[in-house]
Amino acid sequence: FFALVFFFMYLFFICFASAIFLGHQVVPALIEVCAVFNYDARFITLFQEPSAASRFVRQRVLINTDPIMKRQEELANKGKHGDIREDPFIYCYLYGIMIHKLGHFHDIVHGTRHDYFMNELRIEFMELWIELLEKHSFDPAFLESSEEFRWMLKQLTPGQTVN
């Protein structure tokens, strides 16, 4: 049995299709990314609220799925109505959030030590991350060098975060 907690902004919950999308496409991607870190995805809370930051509260990770939903809309507007897991965005977004939030387990305050722990996590789990990308036929070198995805994978300046 597998269960995750979802929270929706009241006005957003009008669209039940979003909940189905989360359950069928986002959750499996989240499980795969969490496996990179050997982290149980059942300890993650997903929520959707436009412009809200993902959070790390009381040793718990809360991830805002709104950027994923917006990406799905962008792809649909371009005529791509497939599985969001065919796009590297979802994996890069979740990976960046997990690196950032797991970095808070060691140091809750943003700054040099937090950045250090995030880099240590990247190094420790790099092989598994690359394996996940290659499993989905994504080119890790392209993603690292692409402006579209790099901001999610790395901090561009100290203190700048994914969300």
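Placed above this text is the structure.
Conventions adopted
Residues numbered from 1 in each chain as written. Predicted model: local features only at pLDDT ≥ 70, side-chain atom pairs only at ≥ 80, totals over all residues. Heavy atoms only, no water. Helix = DSSP H or I, 4+ residues; strand = E, 2+ residues; numbered from the N terminus. Buried < 20%, exposed > 50% of the residue type's maximum accessible area, 1.4 Å probe, protein only. Areas by Shrake-Rupley, 256 points an atom, 1.4 Å probe, with all protein chains shown as cover. Pairing = 2+ DSSP bridges. Core = buried A, V, L, I, M, F, W, Y, C linked by side-chain atoms within 4.5 Å. Contact = heavy atoms within 4.5 Å. Axes fitted to C-alpha atoms, helices over the stretch in contact; angles between N-to-C directions. Parallel < 35°, antiparallel > 145°, perpendicular 65-115°, else oblique. Left-handed = near helix turned anticlockwise from the far one by under 90°. Expected span 1.5 Å × (residues − 1). Arc of directions from axis to C-beta.

Help me out: how do you make sense of the overall build of the protein in this one?
Along the backbone of the protein there are 7 helices and 4 strands. Scanning the protein from its N terminus toward the C terminus, one meets helices and strands in the order β-α-β-β-β-α-α-α-α-α-α. With 163 residues in all, the protein has 45% of them scored as buried. Total accessible area on the protein is roughly 9,200 Å²; 58% of this is exposed by carbon and sulfur atoms.

For this particular structure, what's the right way to read the pairing of strand 2 (residues 44-48)?
Each regular strand carries side chains that alternate between the two faces of the sheet. Counting buried positions along strand 2 yields 5 of 5 residues, so the element is predominantly enclosed. Burial of strand 2 is two-sided: the residues I44, L46 and Q48 facing one way and the residues T45 and F47 facing the other way are all buried. By the bridge criterion, 4 bridges tie strand 2 to strand 4 (residues 60-64) in an arrangement that is parallel. Each residue of the ladder has a partner; that of I44, found in strand 4, is V61.

Can you walk me through the nonpolar core in this structure?
Soluble globular proteins: nonpolar side chains tend toward being buried together. Membership of the largest hydrophobic core comes to 39 residues, with the highest contact counts inside it found for F37, I44, I63, L94, M98 and W129. In terms of residue count, the dominant contributor to this core is helix 3 (residues 88-103) (11 residues). Non-local contacts of F37, meaning those with residues more than four positions away in its chain, are made with Y95, M98, I99, L102 and F125.

I tried to follow the packing of helix 3 against helix 4 (residues 112-124) on my own but got confused; where do I start?
To characterise two packed helices, one gives the angle between the axes of the helices and the distance between these axes. Between helix 3 and helix 4, the least distance of the axes is 8 Å, while the angle of their chain directions is 130 degrees. By the angle between their directions, the pair helix 3 and helix 4 is classed as oblique. Taken as a pair, helix 3 and helix 4 cross one another with a handedness that is right-handed. Contacts between helix 3 and helix 4 involve Y95, I99, H100, L102 and G103 from the former and H114, F117, M118, L121 and R122 from the latter.

For this particular structure, what's the right way to read helix 4?
Along an α-helix, residues three or four positions apart point the same way, because every turn accommodates 3.6 residues. Its 13 residues give helix 4 an end-to-end C-alpha distance of 18 Å, which sits within 8% of 18 Å, the value for a rise of 1.5 Å per residue. Taken together, the buried positions of helix 4 are H114, D115, M118, L121 and R122. Along the axis of helix 4, the buried positions cluster into a sector of 120 degrees, meaning they face one direction only. More than 90 degrees from the buried face of helix 4, the exposed residues found are T112, R113, I123 and E124. Buried positions along helix 4 lie against helix 3, helix 5 (126-135) and helix 7 (147-153).

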